[in-house]
Structures are given as C-alpha cells and as structure tokens.
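This is what each chain is made of:
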Amino acid sequence: MIFAFASHADDMYFHNTVEGNPIGSNHSFTDTNAWVAEDGTTLYNRAPTASDNIFFDLSTNEDKTEYIYLPGEGRDCVFRGTPVVNDFTIQNNFSTSLALDNNATLTVNGNLYKYRGTNANADASNMRFTYSGNGAEQAPTIVVKGDVVVGELAEDGSATISAGGVQFGGDGNSTTSWSASLKSVRIEGNLIARYNSSVSFNTGYDYDGTSYATVDEYAQYLLNTGAAPTVEVLGAAMPKGGDAGGGFQNPTLHLSSRTRADVVGSVSIVSINGINGVWGTLSNYVSSTTASDSLSILKLTNDSSSNYSSNSWIFDLYNNSTPVEGQRVRTMIVMAGAGSQKFTGEKFCISGGVSVYSGTLQVNMSNSVEALTYSRGDLKMYGGKFGSLLASEKNPGQANMMFSDLVYYDGTILTYVKDGSADKLTLSGTLKKDIDFLDGTKMNFEISGDLESIIDTFVQLLAWDNENKIADFTSDEFSANSFMVGDKTYNPLFEIRDDGLWVSYIQAVPEPAMFAALFGFVALLFASRRKK
C-alpha cells in the first residue's frame, strides 16, 4: 500500500476494505485507513478535512462483477460528531446508505453531487442518508452550503440515463437504527435535478394527539410560532438541462417520505425559495394505507427577485391520485415570500389547504367537472395575493377550484373577467372571518380583464352551498378596484346571495360635496357677471 501525505485539498475516495480489515466491514468517516486516492490504492492515512473533496464511488468494472473502490459487500459508512468536507460526490450503481450517528451534523462546504456510477445499469439505484441511532431527539442534521445536484450530463450536453435518487432520511416507517428520519436538512444553494431523477426528504415534527385536537391545528401552531423548517432550501428547486436542451424530463420532488407508526401523526415543513421549471411531480412518498396522519407543508419563501413558474403536477400521494375523503396523507401549500410563484401544471390535487401570508401565488384552476369533485382543504388569506392564472394563460374568466372554508384576515383574491364571465372559487364550506379579523377591514378583490362586460351585470366570484347559506361578511365588507371609461368612473357593487358572492360595476354617482362645490362655483360665477 502506498501512502500519500498532502498539505492541500485532496480528492479522497472512501475505501471500505483495505489491508488489515475484513471484507464487508463498515468504517467510520474518521477512520484513517478508509480513504484512498483516485487510483484506488494510494492510502492517505488520514480522515478528510474541511478542504477535501470526498467521493463515495460504487462504480463497477465493465462486467459489473466487483466494485472499483469498494471491494466486497461493505458499502456503508457511519458519520459521527461534526464532520466537515468541501465537495461531496456520490456515484453508485447499487443502493447504499450513508448513516449519521446520534446528534451528528454533517456539513458540506461546497456542493453535494449524486451521479451514476461507471458501467451503471439502465436504472441507477438510490442513495440515502439515514440515521444509525435511535430516538427522534438525537436525530442528526445535514447542512450543504452550496447546491445539491442530482443527475449529470453526457459529453454531448444531452441528458444521461437516470441518476436514481437521493433520500435524506431512512425508509420513513421506523425510528430504529438505519431506518429513522433526520432532524433537519439545510441547503444554502439550489436544489437541482436532471432527467428523471428524484429527491425525497424524511424529516418532520411528531404529533402526539394530546396538546392539539388535530394534526392541522398542530401544523397551524407550528406556522404561527415560526417553527424552524425541517427542510430549508435557500435557493430554488429547479431542473437543469444541457446545451442540447435535454436533461429536464420531469424529475420528481418528494416533500416527505415520513410515516411513523408509533405516533398519531407528523408534520414536515419544507421551505424553498421558489419552484422553477419542468418538474414532473411534487408529492409525498408515503403509502395511502399509512396508519398515521402525515401532513407536508411546502412553504414558498420566494424573495423579491424570485418570480418563478413551474408546470409541475402537485399531489398528496406519489401514485398521482386525486384526494379522497378521510385521506391521511396530505400536502399544504404556504406562500410566505415577497416574490411570486405560479403553478401552471394541469393537476393541483392536494387536500391539505393553501395559506397565503405574503407575495403572490397563482395556480392553474381547471374548469373541468373533475376539479370540483374534491376540496383542496381550507384557503386561508393572511396577506399577499392568491388566484388563478390570468389573461392569455389558462382558462381566463372560466377558472374554478374547490376549497372547504375560505378564512380571511387580509390580502387580495385575484380574478379575471372575460366575455361577462369571471374566475371564481367554489366553497364546500363557507366564507369566514379569521379570529383576529379587524372591524372596518374589507375583503379585497383585484379584478382584471374585460370589466366593461360586467357593467350593470352581476358575475359570481365565490360559490357556496353550505346548509345554512351563511357567510360571516355583509355586502359592504368587500372591496375591489374601480376603472374608468372615458371620463366615467365605475365602482364595484357586491351582493351576497344564497349561493355565493356576486359583483357588478356601476357608474359612480358624484358625492354631495362635489355637487355643493359645483353649485358654489356656478353661484360665484353668476354673482361676478351681475357685478360687471
């Protein structure tokens, strides 16, 4: 064995079986005899440092009979304490696990890459960071200060075959060693996926069913108190292709793979500075038959310069099914940034609700019959703007989407009018004031499009059919923009009916004070003429 001694940053390959160690043994990250150079034989005789680039390479020889860097079956590594490295690269042809011990924190100062291994099969396998200890209170943390990149490009710039997937956390249904979830994941750069690769997270807060009546109430408590996200991406989640235009092909983002049979439920908070580009689906990798409640919150924190659009289809479940009554796996969307987010995909099949605190969130609201067969949960407006895609996009003036209750504190509902028809929201419940709603506040609409087509003609903005046909609001507690035609001003006129909220535009009548001022001016002019 050759020894290498270096005072600069090195590319260090994990070599789980070297001289003096039995085939198949599992090393710790800090074992000095577990790291070799790219040649596979030169031993560094030290553990990696913060300036080193490390590689977990499960590439095989051409006939796929043995690993190049990891002879035998010992393919796993355990991270203990607070290891810090520069770039972190995984190349694997077969499924493998990298385990973090109790209270460990792995910090990657550069980027984390997940590629296929050399001589890979057509479908490369997944790699998971998991927890080798026991007990949620001691679960480990991963911090990546650069980007997480899953998938690579071929030499011609087009996409490679599948890169497989990266899973942050164990299998999701256990708290036992090597299968448990992580405490948190923080990515300070972008989350980039290529081709049909996938990224999934197994993190979350446990809901014990005692302090709060439902998992939804517990989730609202976490949001209200600013609980730390269990996954935080400071950049955007984006697919990325090559110069040849390939590489997008619908990668998958699983917000949660977390199920816990030993608790009543769990809440995962995945905070991302926007979703951009051609994602295939956003969903949860959780079985519909799970015995506990699983609520994933996608918290969009788009900053003022992050105005993103994605055509991703969004679901509760990874099998891309529409929600059913009593479903225990749900997705919630929260908009809490200064920028904007559009979801233009044909499917917005969630049932955990939508909450808007700031920024602008617009979704493709289908006008199909199917779109009104299930509720997306409650729509809660605390600020910002929410609505359909507007002019020249999807279903202008025809959009419709069903929610349960609409709970309003502040903010603006966007709607578009075309040919005397307006976008609307259908409520299986009713319209409610938030518990902190202030007297004198009005629920605001921003109405655009062909407003002249609804002069003296009512169109429906909200539809409901609740048993008592009751809304917390009165007709004078709504507001919307006015508009002008020539020198005439038209103001909105709202009307609450048994089946919902309707609006029309009527010509503004001059205020009495205006009449008085006009009369005074005429009288003054008449007196002046008499004096002359």
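Everything numeric here is computed off the predicted structure, so don't read it as measured data.

**Section: the sheet that holds strand β23 (residues 252-256)**
Turning to step 1, where the next piece is worked out: In space, the 10 strands of this open sheet follow the order β3-β7-β10-β13-β16-β19-β23-β25-β28-β30, with parallel pairing throughout. Across the chains shown, the open sheet's two edge strands, defined by having one partner strand only, are β3 (27-28) and β30 (348-349).
Turning to step 2, where the next piece is worked out: Examined bridge by bridge, strand β10 (residues 96-100) and strand β13 (residues 127-131) share five bridges and lie parallel to one another. Pairing of leucine 98 across the sheet is with phenylalanine 129, part of β13.

**A look at the sheet that holds strand β43 (residues 500-507)**
Hydrogen bonds along the backbone pair up the strands of a sheet, which may run parallel or antiparallel.
Turning to step 1, where the next piece is worked out: Within the open sheet, the six strands sit side by side as β33-β36-β39-β43-β42-β41. Their pairing is mixed. Only two strands of the sheet have a single neighbouring strand rather than two, namely β33 (400-403) and β41 (483-485). Each strand axis lies, on average, 30° off the axis of its neighbour in the sheet, ignoring direction.
Turning to step 2, where the next piece is worked out: One ladder, built from four bridges, connects β33 with strand β36 (residues 424-427); its direction is parallel. What sits directly across from methionine 401, in β36, is leucine 425.

**Description of helix α1 (residues 215-224)**
Because an α-helix packs 3.6 residues into every turn, residues spaced three or four apart end up facing the same way.
Turning to step 1, where the next piece is worked out: If you check which residues of α1 are buried, you get Val215, Tyr218, Ala219, Gln220, Leu222 and Leu223.
Turning to step 2, where the next piece is worked out: Of the surrounding secondary structure, the elements contacted by the buried residues of α1 are β20 (205-207), β24 (265-272), β26 (293-300), β29 (329-343), β31 (354-363) and β32 (379-388).
Turning to step 3, where the next piece is worked out: Backbone geometry just after α1 places glycine 226 at a positive phi near 65°.

**As for the confidence of the model for the protein**
Turning to step 1, where the next piece is worked out: Put simply, the protein has an average pLDDT of 83, and 79% of its residues get 70 or more.
Turning to step 2, where the next piece is worked out: In the model, residues 18-24 has pLDDT below 50 throughout and makes 11 contacts with residues more than four positions away in sequence or in other chains.
Turning to step 3, where the next piece is worked out: Overall, residues 242-247 carries pLDDT values under 50, and its contacts beyond four positions in sequence, including any with other chains, amount to 14 contacts.

**Focus on the pattern of salt bridges**
Turning to step 1, where the next piece is worked out: With the rule as written, the count across this model stands at 12 salt bridges.
Turning to step 2, where the next piece is worked out: Between aspartate 216 and arginine 330 there is a salt bridge whose closest N-O contact spans 2.9 Å. Within this pair, whereas aspartate 216 is found in helix α1, its partner arginine 330 is found in strand β29, the two being separated by 114 residues in sequence.
Turning to step 3, where the next piece is worked out: With a relative accessible area of 30%, aspartate 216 lands in the partly exposed category.
Turning to step 4, where the next piece is worked out: The class for arginine 330 is buried, based on a relative accessible area of 13%.
Turning to step 5, where the next piece is worked out: A salt bridge links glutamate 446 to lysine 385; its shortest N-O distance comes to 2.9 Å. Here glutamate 446 is found in strand β38 (residues 443-449), whereas its partner lysine 385 is found in strand β32, with 61 residues between them in sequence.
Turning to step 6, where the next piece is worked out: By relative accessible area, glutamate 446 is classed as partly exposed at 32%.
Turning to step 7, where the next piece is worked out: What makes lysine 385 partly exposed here is its relative accessible area of 29%.
Turning to step 8, where the next piece is worked out: Sharing partners across several salt bridges, the network here consists of Lys145, Arg186, Glu188 and Glu232.

**Focus on the packing of aromatic side chains**
Turning to step 1, where the next piece is worked out: Taken as a whole, this structure holds 30 aromatic pairs when the rule is applied.
Turning to step 2, where the next piece is worked out: Through a chain of ring-to-ring contacts, three or more aromatic side chains come together here, namely Phe14, Phe29, Trp35, Phe56, Phe79, Phe88, Phe129, Phe168 and Phe201.
Turning to step 3, where the next piece is worked out: For lysine 433, the ring lying beneath its charged end belongs to phenylalanine 473, and the centroid distance is 5.3 Å.
Turning to step 4, where the next piece is worked out: When the ring centre of phenylalanine 458 is taken as origin, the NZ or CZ atom of arginine 497, which lies over that ring, is 5.1 Å away.

**Description of the pairing of β13**
Turning to step 1, where the next piece is worked out: Of all five residues that make up β13, five are buried, and the element is covered over most of its length.
Turning to step 2, where the next piece is worked out: Residues Met127, Phe129 and Tyr131 of β13 are buried on one face, and the alternating residues Arg128 and Thr130, pointing to the opposite face, are buried as well.
Turning to step 3, where the next piece is worked out: Taken together, the three bridges between β13 and strand β16 (residues 165-168) define a ladder with parallel strand orientation. In the strand pairing of β16, methionine 127 is matched with valine 166.

**Describing the environment of isoleucine 275**
Turning to step 1, where the next piece is worked out: Its place among the elements puts isoleucine 275 in the loop between β24 and β25 (281-284).
Turning to step 2, where the next piece is worked out: Classification of isoleucine 275 as buried rests on a relative accessible area of 0%.
Turning to step 3, where the next piece is worked out: When the C-alpha atoms of isoleucine 275 and tyrosine 308 are compared, they prove to be 6.3 Å apart, with 33 residues separating the residues in sequence.
Turning to step 4, where the next piece is worked out: Aside from chain neighbours lying at most four places away, what touches isoleucine 275 is Ala237, Leu282, Leu300, Tyr308, Ser309, Ser310, Gln341 and Phe343.

Calculation rules
- Residues numbered from 1 in each chain as written.
- Predicted model: local features only at pLDDT ≥ 70, side-chain atom pairs only at ≥ 80, totals over all residues.
- Heavy atoms only, no water.
- Pairing = 2+ DSSP bridges.
- Helix = DSSP H or I, 4+ residues; strand = E, 2+ residues; numbered from the N terminus.
- Axes fitted to C-alpha atoms, helices over the stretch in contact; angles between N-to-C directions.
- Buried < 20%, exposed > 50% of the residue type's maximum accessible area, 1.4 Å probe, protein only.
- Contact = heavy atoms within 4.5 Å.
- pLDDT = per-residue confidence, 0-100.
- Salt bridge = Lys/Arg side-chain N within 4 Å of Asp/Glu carboxyl O.
- Phe/Tyr/Trp six-rings, centres within 6.5 Å; stacked < 30°, edge-to-face > 60°.
- Lys NZ or Arg CZ within 6 Å of the ring centre and 35° of its normal.

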